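# Structural overview for review
Listed below are the residues making up each chain.
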Amino acid sequence: MTGVIRQLSDTTINRIAAGEVIERPASVVKELVENAIDAGATTVEIVVAAGGKSLVQVSDDGHGMRREDLALAVERHCTSKLDEQDLTAIRALGFRGEALPSIGSVARLTIDSRHIDEDHAWTLSVAGGQKTGPDPAALPAGTRVSVRDLFFSTPARLKFLKSDRAESNAVAECVKALALANPATRFVLTGPDRSRLDFPAAEPEIARRVRIGQVLGQDFLDNSIAVEAERDGVSLTGLIGLPTFNRANSLHQFAFVNQRPVRDKLILGAIRAAYADVLHRGRYPVVCLFVDLDPARVDVNVHPTKADVRFRDSGHVRGLIVGALKQALNVEGMRASTSGGVATLAAFRRDDRPGPGTSAAAGTSASVTFPPARPARQSGTGATALAATPERSFYEEQHPFRPIDSPSAMPGPAEPDAAEPGAAYPLGAARAQIHATYIVAQTEDGLVIVDQHAAHERLVYERLKETLGSRTVETQILLIPEVVDLDEEAVSRLTARAPEFAELGLVLEAFGPGAVAVRETPALLGETAVKPLLRDLADDLAEWDASTRLRERLDHVAATMACHGSVRAGRRMKPEEMNALLRDMEKTPLSGQCNHGRPTYVELKLRDIERLFGRR
């Protein structure tokens, strides 16, 4: 279609821009709350109705706006947060000057603001791009922005919004992310069903940890590892969850770059790579990471909603994240999540329903359900007796029950228990093996139940990885080199990293302008499809400027070998074997979980066991 080129009206331009910046009510909340934070607010209150479709109201106690500033705030590309002489020094969350005019073009926008140095407030309204005001108004120092009837001027966009509940959840997730990044600010979110999120401001010394506990819960704090690393001006801090404390999706992964919430592919990929050895595919860790660096070394203007960023040295940042997370996991790898102990205790809880041997009128005391009594066998004299039967345990046969009127021991004062050898170790001393699968060990303040197969699988896997890392990977020479056709860019990327691949057993070289010849492959991989492997490696290099795909495949083979070469469930172990396994677990990194991310042991504290029996 051809025609005369003409200048679009400001209203049309704003509506087009709104389609990029304002995707849903959560986008409105994000932009307005970021403006409040940039204004120095210590308290931000958010009110939404109908998931934000009918109302989004954000109030803050920041420094506010004067009359002339308020009039300009709803014009395109008007901002006080950008130095035109240095576009790389972006330190504010907002800087484009697009949010308010975009919102005003697709909704009914009202802004009430009072500067801290002025006697009264000013109000301004924008509806479908038409501005009214500023006029005098009454308001304490700060700003209140009300957005009503979102997308009323673009009804087609309104149809693509989700249900009120889904939009409310998106708003809540947005507020949580902003609250994590700004622990010194109080955030209050009120919904239509009178639901309320309230994150009070915390003391500066402990603000970040307290806010993480407010948003992600105490369970995460109990099952997290602190991360702190710095390299060449890039700082990484935060908390990461134990591998056994995981979720079914990545919604509980929070990442921040210079206090800006992002969903950056590089950071999420680095998290996945760090947990690749300890987490099963389809499960996601819970993490909260903060990356801080010079604003000139990161571009935050590569996405309309600023959700993605671009680092000047992406490989450096990715390497820092992967290395720091792996180091933290190795140091704390023997820990198992407390959720396993809680679940175990819940399984031991007594049934509160009345059963045989209990009375419904027993008051509030916990009832105990007894199994049905086994019919007594008749002896030759007609008297009841306990005879050895196939149903009776070995212990019962070796230690027959005494008559109830006979003392089980000579009366006298109880002697103190002798010091238990091995109980002082973190995983204690082995006391029994249950169902030829689980080891029960006694510690100084409780007991530990170990899955012998999962634990030994991790030990064998770590030894195999250590062997792979300590010497050159064995290769198998292909009788006829395999030639793989690729585009020239992929060939150049692969050949540039050929020495690194050779250390992992993959020997390749360029074969003309658009092909690669593979001469040797890692012996561990056996017969492998070379063409898909090379394509995956080239794609990794294009996206991340690094590839862990070959190492991941080698690790996967090692994990499979460890699974088949470890102590199987059902094998009876001697006491010295069980104790040796416990000692090896204490010395091996990541022994708290198997190669698939399942816990290798569960710990129960003595105080919790005593509560089960009413001793506490």
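Here is a short report on the structure shown in this document. None of the values given here were measured: they were computed from a predicted structure.

Tallied over the entire structure, the rule returns 18 salt bridges. Note that aspartate 149 is salt-bridged to arginine 108, the shortest N-O span being 2.9 Å. You can see aspartate 149 sitting in the loop between strand E6 (142–148) and helix H5 (155–158) and its partner arginine 108 sitting in strand E3 (residues 108–114), a full 41 residues away along the chain. The partner of aspartate 445 in a salt bridge is lysine 605, with the nearest N and O atoms 3.2 Å apart. In this pair, aspartate 445 is assigned in the loop between strand E21 (438–443) and strand E22 (446–451) and lysine 605 in strand E26 (residues 601–605), connecting sequence segments 160 residues apart. Using a relative accessible area of 22% as the deciding quantity, one classes lysine 605 as partly exposed. Linked through salt bridges whose partners overlap, the residues forming this network are Arg186, Arg196 and Asp198.

As a further point, take the sheet that holds strand E23 (residues 475–485). Spatial strand order, E23-E25-E24: 3 strands in an open sheet with antiparallel pairing. Whereas interior strands pair on both sides, the edge strands pair on one side only; in this sheet they are E23 and strand E24 (507–510). Taking each pair of neighbouring strands and ignoring which way they run, the sheet shows an average axis angle of 15°. Pairing of E23 with strand E25 (residues 515–522), which is carried by 7 bridges, proceeds in the antiparallel orientation. Looking at E25, one finds that threonine 475 is bridged to proline 522. Contacts from helix H14 (residues 488–496) reach E24 and E25, with the element oriented near 135° to E24.

Between helix H9 (residues 265–274) and helix H10 (residues 314–331), the least distance of the axes is 9 Å, while the angle of their chain directions is 35°. Classified by chirality, the crossing of H10 by H9 is right-handed. Contacts between H9 and H10 involve Leu266, Ile267, Gly269, Ala270, Ile271, Ala273 and Ala274 on the former and, on the latter, Ser314, Val317, Arg318, Ile321, Val322, Leu325, Lys326 and Leu329. When its residues are assigned to classes, the contact of H9 with H10 shows 11 nonpolar, 2 polar and 2 charged.

What follows covers the side chain of asparagine 246. With respect to the secondary-structure elements, asparagine 246 resides in strand E11 (residues 246–247). Of note is the side chain of asparagine 246, whose polar atom sits 2.7 Å from the backbone oxygen of proline 243. Side chain to side chain, asparagine 246 and arginine 283 meet in a polar contact 2.9 Å long. Here asparagine 246 is in contact with Leu279, Arg283, Tyr284 and Gly597, once residues within four sequence places are set aside.

Definitions and cut-offs
- Residues numbered from 1 in each chain as written.
- Predicted model: local features only at pLDDT ≥ 70, side-chain atom pairs only at ≥ 80, totals over all residues.
- Heavy atoms only, no water.
- Salt bridge = Lys/Arg side-chain N within 4 Å of Asp/Glu carboxyl O.
- Helix = DSSP H or I, 4+ residues; strand = E, 2+ residues; numbered from the N terminus.
- Buried < 20%, exposed > 50% of the residue type's maximum accessible area, 1.4 Å probe, protein only.
- Pairing = 2+ DSSP bridges.
- Axes fitted to C-alpha atoms, helices over the stretch in contact; angles between N-to-C directions.
- Contact = heavy atoms within 4.5 Å.
- Left-handed = near helix turned anticlockwise from the far one by under 90°.
- Nonpolar A, V, L, I, M, F, W, Y, C, P; charged D, E, K, R; others polar.
- Polar contact = N/O pair within 3.5 Å; in protein donor to acceptor, adjacent residues only side chain to side chain.

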